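Coordinate inspection notes
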Amino acid sequence: MQQEAGTAQQAVTYANLWLDGRWLRNATVRIGGDGNTVDVATGPGPATAPVRGLTVPGLVDAHCHAFQRALGAWTQRAAGTRDDFWSWRETMYALAGRLSREDLEAITARCYLELLRGGYTSVAEFLYLHRLGERRSLDADQAVAAAARRTGMGLTLLPTLYQHADFGGAPPWPGQLPFVRDTTLFLEDWQELRRRYPAGGDVGLGIAFHSLRAVDIDTIARVHQGLHADPQCRCIHIHVAEQPAEVAGCLRQHGATPVALLAARGLLSPQWALVHATHATEAELSQLRTAQATLVLCPTTEADLGDGCPPLGAFLDAGGAMAIGSDSNIGRNAPNELRALEWSQRLARGRRNVLSSANDPAVADRLFRIALHGGRRAIGAKARADFVTYDAGEGDWDLQASEDYLSALVFDTAAPCARQVMIGGRWVIRDGRHPGEAQIEAQYRETLQRLRTHIQTGKNHD
Ligand SMILES: [Zn+2]
């Protein structure tokens, strides 16, 4: 049983609760005033009427750019004879350059509400927007924090350093200018964010370097040296080896591939989360694991962008930490993300149940457990009383033996939608309803219709 210090303030009984790999019937969870689980007990005489359905701990979405939620349908027409990540980026720049603070909040709130229904209870927002439109003061973080508070989503903000278009300090392109700031300003902004989001509050902080393309390795080392021991800096994230061109550029510039370069500079530790690592070698994944850093994969975005998928089997078998992320938010459902992860491996390797292991033959159960622990690790957070409940209508899980419940949810259900969501002991969604959903939906629709006109017009004139 899960045991945490504290005094119980409330109790909730779940009819079917997954805990540490086992299904418990009529499990009563006692929750402290700090939002953490005090203990879990089963047996006769549940403290409250059981919450029916299938209940699992909420997962961490360890890599999210909420504003990209708007792009899904706008990037599915071929932009030329060769369409790829780099052409997709042009539309993303057009959107980023137009966003007001209100636009960002509206898109983010809708995105977070969908992510809650999709089984995530916490998001790491990799935020390379910082000042929006003509504003000179830091405001993108406030839009994201406001959206998280309106929806109830747990939030870790990752202010992101972005300086160059490519290796060797190439000057940024016009579309990248909204993301760029010099190191001095980044550090000043960090101090401001520390004041806005103090330790122990509802918003956690970490930092991110956009990529080795966008920040010089010496700058990364200097900023890391200054901030990694700051108690408010819970984690350090970076995009790495997402594209072959990035790996080739890193080799040209540094004579080393991206993960190997970070390792050689002594920059990998349990505090680090490396996002994608799509084109990392098995030797690099081994370096990442040895350093106890976390690998963050975003399978639906990686499929949408045509990135590829890394060889994962040996990494996971050796106990590597892995989390999942929604990234561009073309996918907003945690069980689907796990399914896409396994299916991408099946397509690449020509086998089934690739990510199973001898001790853990059920892929869904294994990936869920790995993503749960890896997600918390990626944001430097402990377990909280975060629970997500699916109805019997979400797939056929209630017709299965309990050892197949997660297999039904992950592999046999189109997009399971949570009916009950509790975060830190607080009900966020009850019986499928979120108290703010009507307003969030109306603002999102107005925002998207207005932006679409501009983005489509902009594309036609390119
Ligand atoms: Zn990303």
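Residues numbered from 1 in each chain as written. Predicted model: local features only at pLDDT ≥ 70, side-chain atom pairs only at ≥ 80, totals over all residues.

1. Considerations on the overall build of the chain
In terms of regular secondary structure, the chain is built from 14 helices and 16 strands. Against the compact-globule benchmark of 23 Å for 462 residues, the chain has a radius of gyration of 21 Å, which places it among compact chains. Across its three principal axes, the chain shows a C-alpha extent of roughly 65 × 50 × 45 Å. Expressed as a percentage of its 462 residues, the buried residues of the chain come to 51%. Expressed as a percentage of contacts within the chain between residues at least 6 apart in sequence, the contacts between residues at least 24 apart total 75%. (Helix = DSSP H or I, 4+ residues; strand = E, 2+ residues; numbered from the N terminus. Rg over C-alpha atoms; globule rule 2.2 N^0.38 Å. Buried ≥ 20, exposed ≤ 12 C-beta atoms within 10 Å, placed from the backbone. Contact = placed C-beta atoms within 7 Å.)

2. Describing the nonpolar core
If you look at the biggest cluster of nonpolar residues, it comprises 135 residues, and the most contacted ones within it are Tyr112, Val144 and Leu274. Residue contributions to this core peak at 9 residues, all from helix H2 (residues 101-117). Looking at this core, you find at least three residues from each of domain 1 (8-52) and domain 2 (58-382). The contacts of Tyr112, once residues within four sequence positions are left out, are Ala66, Val123, Ala147, Ala148, Thr151 and Met153. (Core = buried A, V, L, I, M, F, W, Y, C linked by C-beta atoms within 7 Å. Domains from an automatic or database assignment.)

3. What to know about the pairing of strand S2 (residues 22-32)
Bridge count between strand S1 (residues 8-19) and S2: 10 bridges; the pairing is antiparallel. Residue pairing in the sheet places Trp18 in a bridge with Trp23 of S2. As consecutive antiparallel partners, S1 and S2 are separated by 2 residues, and within that stretch Asp20 has a phi angle of approximately 50°, a positive value. Sheet topology note: the S2/strand S3 (residues 37-41) ladder contains 4 bridges and is antiparallel. Looking across to S3, one finds that Val29 is bridged to Val40. Hairpin geometry of S2 and S3 is characterised by an intervening segment of 4 residues between the two adjacent antiparallel strands and by a positive phi of about 85° at Gly35. (Pairing = 2+ DSSP bridges.)

4. Examining unusual backbone geometry
In this structure, Asp327 is a non-glycine residue whose phi angle is positive, near 50°. Tracing the backbone shows Asp327 in the loop between strand S13 (321-324) and helix H11 (334-349). Phi at Asp431 is positive, roughly 50°, even though this residue is not glycine. Along the chain, Asp431 falls in the loop between strand S16 (426-429) and helix H14 (437-461).

5. Concerning the packing of H11 against helix H12 (residues 363-378)
With their axes 10 Å apart at the nearest point, H11 and H12 run at an angle of 115° to one another. Where H11 crosses over H12, the two elements pack in a sense that is right-handed. For the pair H11 and H12, the contacting residues are Leu338, Leu341 and Glu342 in the first and Val363, Ala364, Leu367, Phe368 and Ala371 in the second. The class makeup of the residues in the contact of H11 with H12 is 7 nonpolar, no polar and 1 charged. (Axes fitted to C-alpha atoms, helices over the stretch in contact; angles between N-to-C directions. Left-handed = near helix turned anticlockwise from the far one by under 90°. Nonpolar A, V, L, I, M, F, W, Y, C, P; charged D, E, K, R; others polar.)

6. A few points about H11
Between the first and last C-alpha of H11 there are 23 Å, a value that for 16 residues agrees with the 22 Å anticipated at 1.5 Å per step. Of all the positions in H11, only Ala334, Pro335, Asn336, Glu337, Leu338, Arg339, Ala340, Leu341, Glu342, Ser344 and Gln345 are classed as buried. Two residues or fewer after H11 comes Gly350, characterised by a positive phi angle close to 70°. (Expected span 1.5 Å × (residues − 1).)

7. Concerning the domain arrangement of the chain
Structurally, the chain comprises domain 1 (8-52) and domain 2 (58-382). A separation of 33 Å is found between the C-alpha centroids of domain 1 and domain 2.

8. Focus: the packing of H2 against helix H3 (residues 140-151)
It is at 8 Å that the axes of H2 and H3 come closest, and there the two elements cross at 35°. Judged by the sense of rotation from one axis to the other, the crossing of H2 with H3 is right-handed. Facing H2, whose interface residues are Arg101, Leu104, Glu105, Thr108, Ala109, Tyr112, Leu113 and Leu116, H3 presents Ala140, Ala143, Val144, Ala146, Ala147, Ala148, Arg150 and Thr151.

9. Looking at the environment of Arg135
Locating Arg135 in the fold gives a position in the loop between strand S6 (120-127) and H3. In the structure, Arg135 is positioned 34 residues away from Arg101 in sequence and 9.2 Å away in space, judged by C-alpha atoms.

10. Some thoughts on the pairing of S16
Successive residues of a regular strand alternate their side chains across the two faces of the sheet. Relative to S16, strand S15 (residues 420-423) runs antiparallel, the two sharing 3 bridges. When the sheet's bridge partners are listed, Met422 is paired in S16 with Trp427. In this structure, the hairpin formed by S15 and S16 is closed by a connection of 2 residues, where Gly424 is found at a positive phi of approximately 55°.

11. Some thoughts on the confidence of the model for the chain
Model confidence for the chain is summarised by a mean pLDDT of 92, while 95% of its residues fall at 70 or above. Every residue in residues 1-5 is under pLDDT 50, and counting partners more than four places away or in other chains gives 10 contacts. In the predicted structure, residues 457-462 sits below a pLDDT of 50 and forms 2 contacts with residues beyond four places in sequence or in another chain. (pLDDT = per-residue confidence, 0-100.)

12. Overview of the environment of Phe126
Among the secondary structure elements, Phe126 is positioned in strand S6. Taking the number of C-beta atoms within 10 Å as the measure of exposure, Phe126 has 26 and is therefore buried. Spatially, the C-alpha atom of Phe126 lies 8.4 Å from that of Ile207, the residues being 81 residues apart in sequence. Every residue in contact with Phe126, bar those within four places of it in the chain, is listed here: His63, Cys64, His65, Leu158, Thr160, Ala208 and His237.

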